Every structure is written in C-alpha cells, then in structure tokens.
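Observations on chain architecture
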Amino acid sequence: MNSYIDVLFWMRQKKWLLIALFYGMAMHHIVTPPPDLNQAAFDALVIISMALILIITEPLPLPAIAMFMLFMQVVLGIDTANNVASSFMNDAVFFIMGSLMLAVAIVSQGLDKRLALAIIRVTGHKTWRIIAGFTAISALLSSFIGEHTVAAMMMPVGLTLVRYAHKDPRKVAGLTAALLFSIAYGATIGSIGTPSGGGRNVIMMNYWAEFGAGSVSYLEWMKYVYPMVLVQIPITVLILLWTFKPEQSNLDSAVRKLVIEVARAGKVKGREWLAIILFVLVFLGWVFLSESFGLGIIALLGVFLYLAFGLVEWSELNRKTNWGVILLFGSAISIGIQMNETGAAQWIAQVIIHNLGQVIDNPAVLQGSVSVLLTGIMSNILSSSATVAVVGPIVLDLGGDQILIGFMTAIASAFGYFTAVAAPACTIIYSSGLVKSKDFLRAGWKMGVLSVVSLLGLSLLWWPLL
Amino acid sequence: MTKKQEKINPQTLKFLTAVSSAEYSKPTLKLGSLIASVFDASLGVVYVGERASEFHGSSVNMTRQNLDNWNIIHPGLEVLEWALKELKALNPDDESLAKIKFNADHVYEEDGRVRVFLPGEDACRIELILREGELVNQLRKEIQLENYDLAIIGGSQDKRHLAHSLIQYLPSSIFVLQKFNPRKKYKLLLLVDDSKATKKSVQWGALIAEKLGWPVRTLTVSKTKRFGAGYQGAADMAKAYFEDKGIEVEQFFLTGDPVRTFVEFAGDNHFVIMGASTLNPVKQFLFGSKPIKTLERSNVPILIVR
C-alpha cells in the first residue's frame, strides 16, 4: 500500500517532468516536421521546448535540466559529442561564472555599511529623497557589478530603515514596499547599462559573435544603452512614490539609528580598500581590455586576484556560487547555437514574420515589437538571462540590424517587473516576506509601460544620432 | 509492536503543528499545544515558507547571510520565535519551557531543513523547524523524518486541492482545524463503520474526551436501511470502549449518503474524528474517499486517524 502511495506521490511531484517527456516523445515519434524544417532543427525545437517546461515548473534541479539539454543533442543526432562539448563553454559562461563568484567576494567584504552611510549622507532624512537615493545608487552600481550583488548589499540597509521606522513593518507597508522596490527596480533598470550589468547582456554579445553580427565594445554598449538607465531612474522613483505612498514623509529617527549602527563598523579598513581597488581594476579591464581578452576571462582574473590576496576563501566561493545556473546557461547557449546552425531559429523567425507581417507592414516595427514583447513576456515567466539565451537566436534571425535588435532584446529582458521570478533582485526582496505578489503587479504594469515608452524613445531619438 | 500499531501510548506520541504567521496561526498553535499537553506528547512546530526559484536561490541565500550580519532574521524564524513565545504564554506552569531562550543564531541545517537549537529542549519536548518548498511535500518529509503520529494543520482557502493531497500523502494522522474557535464548546463526533481504522479512532476519541471532558456522540451511517453486522459490531465496540473508560456516549444510526449525512450532522458545533480510508491508494486518487470528501465539504475541525 505504501509503495503505491510513494509512486503516486512521486508522480504528483514530477508531473511536469512526465508531461515534458510525454510531449517530447510524441513530438519526436508521431509529429512530422513541417516541410521547410529539417529533422535536426525540429528536434532542437523539441529539446528547447521541453527544457522550457522543466525550467518554469522546476520538477528537477537545474543541473539535471542542463544535462538533459546536452545529452539530448547527441542522443537525437543533432550534433556529435565533441561539438556539443565545445559549444557548451564560451566566454559568456566564463562571465556568468566569474560574476557570480565576484558577487560572493564583494558581498562578503561588508561594504554595505559604508554604502548605507554614503547614501544617507547624500539623501538626508526625507523619505522621497531616500527612495530616490536607493533607486539611483542601486541602478548605478548594478550597471557595473550586477543586480544580485547590489540587491544583496542594499537589502540590509533597506530592512534596517524599515525596522527603525516602525517595529511592525506591516504598519508601514507603503514605506516598506517603496524602499524594497527602490532596491529591486533600481537594480533591474541599472543592469542593462553595461555588459557587466547582467549575464544576459554578455549572452547577447556572444550571440552577436556567433551570428556574425559583429562586436560591440563595453563603452559602445554604454553609449547605446546608458541614457535609458538615466531616464528610467527618476521615472521609477515617481512610480514608486505614486504607487506605494509611504506613510512617513521623514525618517529622522530611523536614519539616526541607522547611522549609529553603521558607525560601529569604524573607518574603512585596508582590506576593504583593497577589495574596492581590485573591483575598479576589473572594471577598467572590462572597459579597455574586453575586446581582446573577453569579459568572462577578465571576470575570472578578478576572482583569481580576490583569492590570491586572501579576500575570500575558495570554500566560501564554492559553497555560495550557483553552479547549477552556470551549467544551465552553458547548455542553453549550446542549444541556442544549434538552433542557429540547424536553421530552427530562422524557421521560427520566418513563421513570426509571415504571420505578423500581415498585421504590421513596417518590417522594423515588426522586428522591434516581436523582440520586445516576446522577451518582455518570457522574462516575467522564466528569468531574464534564460530568456535571452532562448529568444536571442530567434530575434537575431528576424532580419534588420542584428545589433539594434539584440540591444532591444537585452533591454526588454529587464522588463521582468511583474513577478518575483524574473530578476534576482525581485526574488531577493520577495524573500523578505514583506512584499506580496500583488505589489509586483501594482507597480510592475506602470514600470512596464514606461519602460517600453523609454525604449521606443531611445530607439527613435537616440540611436539614429549614433 | 511499533507505536503506530494497535494501542496508543501517549508517552511516545509526537505531534507536528504547521504555522504560517502570528496573524493566522494562533488557533492552530493553541489547539496543538493543548492536545500535545493533554496527551503528554512532544510537539514539533514547523514553518513552511516559499522556496525561491532555483535560478536565484543562491542570490537569496547570499542576501540572507548578509542580513544575519545586520541581525535581521529570516521571516520564517520570526514566526518560530513568535510560536515559542506563544507556547510559553499558553503553558505558564511549564518550568522547563519557561527556561528556553530563542536564539536565531543557534540554527543548523540538516536533512534539507533548518532546525532551531533550543537549550533544554529535551525536557520540554519542543522542536522548531523551518522548511522551504511546497507545503504537502515538506510536511510529508518532516513526518517521515521524525516519525510524527499526528499533523495539526490550519484550515486553508485552497481547501479542495489541499484536503485531497494531505489525506492522500501524509503518512500520519491528520487534524485539520477548519473554522476552529478555541472559545467554543464542541461535541466530539466519532464516525464509526466497519473499517480497520475505526478501532484506533475510538482510542483517540476516548483519550480526547477523557482529557477535555467533551460530550461524545457516535454516528454510523448506512446507505441502506439495513445495518450490517460489521457496522453494528463496530458501533457496539465503540460504545463498550467509551463506557469502559467511564465516558457517556450518545449513539446515532442514520441512513443515506455517508458523506452528506456526516457533513449535515456535524453542522458547525462538532469536532469530528474518523478513520482514514482503507481503499486502494489509486482508487482514492481517482475517486476520492469518505475522509477526503468529508474534509472538502464540512466546516468543522476534523481528525483523520491513520
């Protein structure tokens, strides 16, 4: 009797795995590929759609899904084992690995207390100025060190202010939401600003190289995209104040207590200076050397320096780095490359153009709309980086300027304002238990509309001037 | 003979109560504490929180460790801290419980869960556990790990889906506190039929009635006007068991659809005890069972004895 229950329970827990396997087997064995799609391309699409089901529903750990994507390419005869292995590792994966480790190294230095003091000195005690300061600092920092790093450092500062503002955060729910969302949305809008702002930006750069679209340097990326970050900062502040209406207009007492708490950390220590200097060196390397060495290699060099100077222990890096995500992006990029090489990406792009072309005449508008909408919607369900890994090959085959379409896709992948799953910063504030899913919807739709308008303005008014 | 077979030994009973927040879990914790104390059972308090998507799980963990440096504790630990405080208030005479101090730094991870280390916990037999993930899966793992006898769970909005999963998959007896009002005077309603679990439900019912002094009713429902020997025998056995303990029993024999009759009879002032279904698990999964349907349709606290 118990074994029956165990089997039923396993089926309950793994129902999406069973659905994905059933779907995959049915597609491979029963469905005939369309005449203009070869079997390998069809199989690549089957693998990626199965992987999407598994990633969204999580019946398996991420590394298992990564392995599934790799071995299925060989099992279904899409490519040889050696070719799959070589497509698995590239500079984008190095970058994701390096940036996750750098995040651990930076967060472990305790620089968040210095950051808190610096923000308060600039903003003063007024609530709207503190929210503006949180948004701006989160955006500016996340452009360079990644949104998960910024959110991890800013969260204690935000929660400490909330705690000092009122002992029961539910009594100041508006203030709490405004402060936490200023961290999450600030970090998210900033993450598009430079290639190092997020793994998805580097994945797009990798696809540009793979698709022969050319290359974009670190500074060129900033030239194209950074104006949007600067425009979005004040818009985000207004949206948060308008949506959440903080209960207190002045945080005098909370700020004073926060200053006393962070002042205990004393003066900046030599070790902290060294951590900052090393990151500045990594940043300079990204700006000036990435075209020769690659962003990923420089990130790994940075990790090496942190280890060599004893600023972080390998055991800590090993424990806190999400190896599953690294494996998953390696395999997602690998299948993305197969989508291009087998013609699967081109086929989907043609189907989209054929069907939507009858509704939208202008090819540039069609390409832009598809890339932004497809990426924006998927990033709210999946995650921003995974969306770029999956959608990237398709949108680059829509036609038009691949660099501009790629920028639009990378930018739109940061429009995951509606759910807690899209961006790491959103997941982090959600994990505090102080903001609810409906808060993401309340502020998210406004952020979504204004981000699309900002992107439209950027592409129509700024990019033609470059 | 293990403790899960035949006779209940109160000295070795282990109860688990699931809490979600100070706002909603007060009645659940109160009844959990009361039942555990009348049975002299040890009590595990578990908070099951949402698990972050695996994509961002390590970022969330990194943030939590950073929050620890600022003495900001995990929201689930806050609920467990409240639970301990509440248990102390509910048991003011328990000296060993009064001595226990909650320290959010004294937690350790084992077997996929976080356990709060409570100095002296052996004396007062309290455990505080934090888990993350899907509720039924986490409760099942906790019950299997610690071999709990009874899981005490608050009523849920998502009643239909949850009732089915809890009864089908939790390997212990289950007590669901639907619309439980700690101030209300309940009557104990024992549903008696010829199933194997009836005998154990009678034992649980007798212990509860003995300790809480609640009046007892037994209800036997037959689909036809004729009550078979099995039904009659079970009702007689229940009556004799209660009377042997000096507890008065009112017996009711009704005809009709069992689940509808249970639900109508229970109304809103009974505390229902019934045995778990002995149907094949696959049949239960496909067609449901009397306990599943009763839990889905009724609005009173129900103890399903396994």
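Residues numbered from 1 in each chain as written. Chains lettered and ligands numbered in written order. Predicted model: local features only at pLDDT ≥ 70, side-chain atom pairs only at ≥ 80, totals over all residues. Heavy atoms only, no water.

1. Brief notes about the overall build of chain A
On a plain count of helices and strands, chain A comes out with 23 helices and zero strands. A globule of 466 residues ought to have a C-alpha radius of gyration of about 23 Å, and chain A, at 23 Å, matches this closely. Its C-alpha atoms give chain A principal-axis dimensions of roughly 70 × 70 × 45 Å. Per-residue burial for chain A yields a buried fraction of 57% across its 466 residues. Partitioning the intrachain contacts of chain A with sequence separation of at least 6 by distance along the chain shows that 81% fall at a separation of at least 24. Of the roughly 18700 Å² that chain A leaves accessible, carbon and sulfur atoms contribute 69%. Separation between the mean location of the 27 positive side-chain charges and that of the 23 negative ones in chain A comes to 20 Å. (Helix = DSSP H or I, 4+ residues; strand = E, 2+ residues; numbered from the N terminus. Rg over C-alpha atoms; globule rule 2.2 N^0.38 Å. Buried < 20%, exposed > 50% of the residue type's maximum accessible area, 1.4 Å probe, protein only. Contact = heavy atoms within 4.5 Å. Areas by Shrake-Rupley, 256 points an atom, 1.4 Å probe, with all protein chains shown as cover. Lys, Arg positive; Asp, Glu negative; His and termini not counted. Charge placed at Lys NZ, Arg CZ, Asp CG, Glu CD.)

2. Quick word on the domain arrangement of chain B
Residue and element names in this part refer to chain B. According to the domain assignment, chain B contains domain 1 (10–154) and domain 2 (187–305). For domain 1 and domain 2, the distance between their C-alpha centroids amounts to 31 Å. Each partner contributes residues to the interface: domain 1 has seven residues there, and domain 2 has seven residues. Overall, the association of domain 1 and domain 2 removes approximately 700 Å² of surface from exposure, summing both partners, and the carbon and sulfur fraction of that is 93%. For domain 1, the biggest contributors to the area lost against domain 2 are Val38, Phe39 and Leu150; these three give 59% of the whole. The tally of links from domain 1 across to domain 2 stands at zero salt bridges. Across the domain 1-domain 2 interface, the total number found is zero residue pairs in polar contact (both at pLDDT 80 or more). A total of four residues in the side of domain 1 that touches domain 2 trace back to one element, the largest contributor, which is helix α1 (residues 26–39). (Domains from an automatic or database assignment. Buried area = accessible area lost by both parts, 1.4 Å probe. Salt bridge = Lys/Arg side-chain N within 4 Å of Asp/Glu carboxyl O. Polar contact = N/O pair within 3.5 Å; in protein donor to acceptor, adjacent residues only side chain to side chain.)

3. A closer look at the packing of aromatic side chains
Tallying each qualifying case throughout the model produces 31 aromatic pairs over all chains. The ring of Trp242(A) carries Lys446(A) above its face, with NZ or CZ at 4.3 Å from the centroid. (Phe/Tyr/Trp six-rings, centres within 6.5 Å; stacked < 30°, edge-to-face > 60°. Lys NZ or Arg CZ within 6 Å of the ring centre and 35° of its normal.)

4. A look at the pairing of strand β5 (residues 126–132) of chain B
All names here are of chain B. Burial runs high along β5: six of the seven residues are buried. For strand β2 (residues 42–49) and β5, the ladder comprises seven bridges, and the chain directions are parallel. The residue bridging tyrosine 47 from the neighbouring strand is leucine 130, located in β5. (Pairing = 2+ DSSP bridges.)

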